[in-house]
Amino acid sequence: MPVLSLTDITISFSGPPVLDTISLHIDKGERVCVLGRNGAGKSTLLKVIGGVYSPNSGLIAFPEGGGASTLSQEIPENIGGNVFDVIASGFGSAGEALSEMRNGLEHEDLDPDAHWKMEQRIERLAKELGLELDSQFTSLSGGQKRRSLLGKALSTEPAILALDEPTNHMDLDSILWLENFLLKSDLTIIFVTHDRSFLRKVATRIVEVDLAAVTSYRCDYDTYLDRKAELLEAEAKNQATFAKKLSLEEAWLRKGVKARRTRNEGRVKALKKMRDERAAQRTRQGKATFSMQDTNQSGRKVFTATDVTVSLGGKQILNPFSLELMRGDRIGIVGPNGSGKTTMIRTLLGDLEPQSGEVVHGTKLQVAYFDQLRQQLDDSKTVFDNIADGNESVVIDGHKRHVITYLQDFLFTPDRARASIKTLSGGERNRLLLAKLFTQSANLLVLDEPTNDLDTETLELLEERIMDFPGTLLLISHDRAFLENTVTSLIVIDQIGNVSEHPGGYEDWQIRIQNAKAQVSSKSDKPKNSRRDWKNRQKRFSNKEQKELDELPERIEELDKSRQVIAAKLSDPQTYKTEPSFAETAKSQFAKIDSETENIYKRWEKLEALKKSLGSS
């Protein structure tokens, strides 16, 4: 028996339904990840389950009793008291009374047995969550605050726990802790995340929200990707067949007067039905398509920091560090929340003066900076005006493009492009900031937590563009998969502001930590990658290479058709009358086609061999 059943749920705010007669059943112990584009309805689904939104129609049931508890991605403001008070607040007014009794106030209406059970539950949760009950909530780190709120959500032992982007704004240690906690527990959870490492580790089932419908995949994430690709291919073929049939029927109806007099009324009705189907079809939102601006190379040295310390408000944030950033370096910066990662970037860029030491910039430096607080966006302006400051066009790669057209590359419809950015979701704001960023020519790309709130497809596209970027990269991220796929070196900042460099990616760093803990010899701990050894670290068969491989057969077919057209023209006697020199021209065209065809087959063999070797590695 499922612990949660949604039956024929429809929810609409204004316009088409966000969720349209969906059904979903979740069994005890399942860990269900909800995937979908930004704005597809993922958070809406969680809010319906958590009781925040009431559906327009349909039934929500918890067959085994209980209900749902939700842990939102943002930490609410103005939470006071200690950890005990926060967890106890999950019991409602009874919990508030319990907190007051613990602080010396009497409550005669609180049943002693219920009092004892709630207190035992709170103490047990605090122990599981690694929290001290008397610690003041305001003094906790971001990760500890999330643990306290998780305790509140779990206090009443809900039938299902709903987590909306649980890893957003969490540091690596907190993410790893949450992963292990969920894996060891017997909780039933439904969650939304863009963190592919977290998703692969935690999810036992995938649910996709798309075009107001819900599709369930009882498999892991990688199997889902394969099945989804097959479904999209089948859907494209079905749509092409439907469009062709509709076109033929429309042509039949437009025939002459005689045909209209003798037309089959049943066929006319069928055509009208097809028209209605076409009108009712929802169009799948296209993929974001954006590219980096080309520019001149920077000097060989990008930054040189020598014995730099940084203080803010009289408190030392970063202890003395020296760093040399060279052209082409691809560096990730990691560390606990509040350790000084953003402070380091702002110091290197010259926004902050170091307390001691100096930062020297190289020559010909052009910087594109993505700040995690999105302060480069003006809330008083529309999406359109944030891109071009009121201008109608932007220059991309030397070509003028209308702002509306450019914004469509980032999935903003013309109506959305004219909206105030105050109305945008977190994912839309991130896409807008990326759109603004990519209007700039840059040879140094600085990204501070760019992955928050992005859907996985946009995230993977951003990843590809970063991999193609020929300049220098500085990246702050807690997304392990994103780090592993984009950087060749890490700067690690610990809780007390010490800075250390580690060649290799995230996995290399983790292996090094494990080796150090296991006291393995320094020889086996030696990193395999140098900071700039980017090509050697590109171990996966990229989406770009797969797309190229998929398109090769079509290109060969095009070349064959071109050959057939030329051959047909050669066999036509009329050709020699109108174009006496065509035979000579055809000879060179055949040679060009043969050469390109041969190169395509060579490339095909090379890509197939590469895919096979990476697949078996």
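Residues numbered from 1 in each chain as written. Predicted model: local features only at pLDDT ≥ 70, side-chain atom pairs only at ≥ 80, totals over all residues. Heavy atoms only, no water.

**Q** Is there a simple way to explain the packing of helix α4 (residues 112-129) against helix α5 (residues 142-154) in this structure?
**A** The geometry of a pair of packed helices is captured by two quantities: the angle between their axes and the separation between those axes. Closest axis-to-axis distance for the α4/α5 pair is 10 Å, and the angle between their directions is 140 degrees. The pairing of α4 with α5 is recorded here as oblique in orientation. The two elements α4 and α5 meet at a crossing, and its hand is right-handed. In this structure, α4 uses R121, L125 and L129 to contact α5, whose residues at the interface are R147, L150, G151 and L154. Residues that form the contact of α4 with α5 fall into these classes: four nonpolar, one polar and two charged. (Axes fitted to C-alpha atoms, helices over the stretch in contact; angles between N-to-C directions. Helix = DSSP H or I, 4+ residues; strand = E, 2+ residues; numbered from the N terminus. Parallel < 35°, antiparallel > 145°, perpendicular 65-115°, else oblique. Left-handed = near helix turned anticlockwise from the far one by under 90°. Contact = heavy atoms within 4.5 Å. Nonpolar A, V, L, I, M, F, W, Y, C, P; charged D, E, K, R; others polar.)

**Q** Is there a simple way to explain the packing of aromatic side chains in this structure?
**A** For any pair of aromatic rings, the description consists of the separation of the ring centres together with the inter-plane angle of the planes. Tallying each qualifying case throughout the model produces nine aromatic pairs. A centroid spacing of 5.6 Å and a plane angle of 90 degrees characterise the contact between F191 and F198, whose relative ring orientation is edge-to-face. On the accessibility criterion, F191 (0% relative accessible area) is buried. Judged by centre distance (6.5 Å) and plane angle (40 degrees), the rings of F410 and F438 are tilted. Here F410 is found in the loop between α13 (403-408) and α14 (414-417), whereas its partner F438 is found in the loop between α15 (426-437) and β17 (444-448), with 28 residues between them in sequence. Residue F410 is classed as buried on the basis of its relative accessible area, which comes to 1%. Residue class for F438 comes out buried when judged on its relative accessible area of 3%. Among the aromatic residues, ring-to-ring pairing joins Y217, Y221 and Y224 into one connected group. The cationic tip of R418 hangs over the ring face of F384; the distance from NZ or CZ to the ring centre is 4.3 Å. Lying across the ring of F412, R431 places its NZ or CZ 5.3 Å from the centre. (Phe/Tyr/Trp six-rings, centres within 6.5 Å; stacked < 30°, edge-to-face > 60°. Buried < 20%, exposed > 50% of the residue type's maximum accessible area, 1.4 Å probe, protein only. Lys NZ or Arg CZ within 6 Å of the ring centre and 35° of its normal.)

**Q** Please clarify how the confidence of the model for the protein chain should be interpreted in this entry.
**A** Fine structural detail should not be taken from predicted coordinates in areas where pLDDT scores are low. Averaged over all residues, the pLDDT of the protein chain equals 83, while 86% of them reach at least 70. Predicted confidence for residues 256-261 stays below pLDDT 50, and this span has three contacts to residues more than four positions away or in other chains. (pLDDT = per-residue confidence, 0-100.)

**Q** Would you explain helix α1 (residues 42-49) in this entry?
**A** Every α-helix winds through 3.6 residues per turn, so residues three or four apart in the chain are directed the same way. Extensive coverage of α1 is indicated by the burial of six of its eight residues. Buried residues of α1: K42, T44, L45, L46, V48 and I49, and no others. Just downstream of α1, G51 is the residue with a positive phi angle, here 85 degrees.

**Q** Even after reading the chapter, I still don't get the side chain of S5, so can you show me in this structure?
**A** With respect to the helices and strands, the residue S5 is situated in strand β1 (residues 2-11). Reaching out from S5, the side chain makes a polar contact with the side chain of H25 at a distance of 3.0 Å. (Polar contact = N/O pair within 3.5 Å; in protein donor to acceptor, adjacent residues only side chain to side chain.)

**Q** What's the story with the pattern of salt bridges in this structure? I'm lost.
**A** Side-chain pairs of opposite charge can arise whenever the charged atoms involved come near each other. Evaluated as defined, the whole model comprises 21 salt bridges. In this structure, R200 engages D222 in a salt bridge whose closest nitrogen and oxygen atoms are separated by 2.8 Å. One end of the pair, R200, is in helix α7 (residues 196-202); the other, D222, is in helix α8 (residues 221-253), and 22 residues separate them in sequence. Judged by its relative accessible area of 41%, R200 falls in the partly exposed class. A residue is classified by how much of its surface remains accessible, and D222, at 37% relative accessible area, is partly exposed. We note a salt bridge from D409 to R401, for which the minimum N-O separation is 2.6 Å. (Salt bridge = Lys/Arg side-chain N within 4 Å of Asp/Glu carboxyl O.)

**Q** What is the right way to look at the packing of α5 against helix α6 (residues 172-184) in this model?
**A** Between α5 and α6, the least distance of the axes is 10 Å, while the angle of their chain directions is 25 degrees. Relative to α6, the element α5 lies roughly parallel. Here α5 runs over α6; the crossing is right-handed. Contacts between α5 and α6 involve G143, R147, L150 and L154 on the former and, on the latter, S174, W177, L178 and F181. Along the lines of polarity and charge, the residues of the contact of α5 with α6 split into five nonpolar, two polar and one charged.

**Q** How do you make sense of the sheet that holds β1 when you look at a structure like this?
**A** Strand-to-strand pairing in sheets goes through backbone hydrogen bonds, with the strands running parallel or antiparallel. Taken together, three strands build an open sheet; the order of strands is β2-β1-β4 and the sheet is antiparallel. The open sheet has two edge strands with one neighbour each: β2 (19-27) and β4 (57-61). Strand-to-strand, the axes of this sheet are offset by a mean angle of 10 degrees, without reference to chain direction. Summarising the sheet, β1 and β2 pair through six bridges and their orientation is antiparallel. Bridging from a neighbouring strand, S5 pairs with H25 of β2. In the packing of α1 onto the sheet, contacts are made with β1, β2 and β4, and the angle to β1 comes to roughly 120 degrees. (Pairing = 2+ DSSP bridges.)

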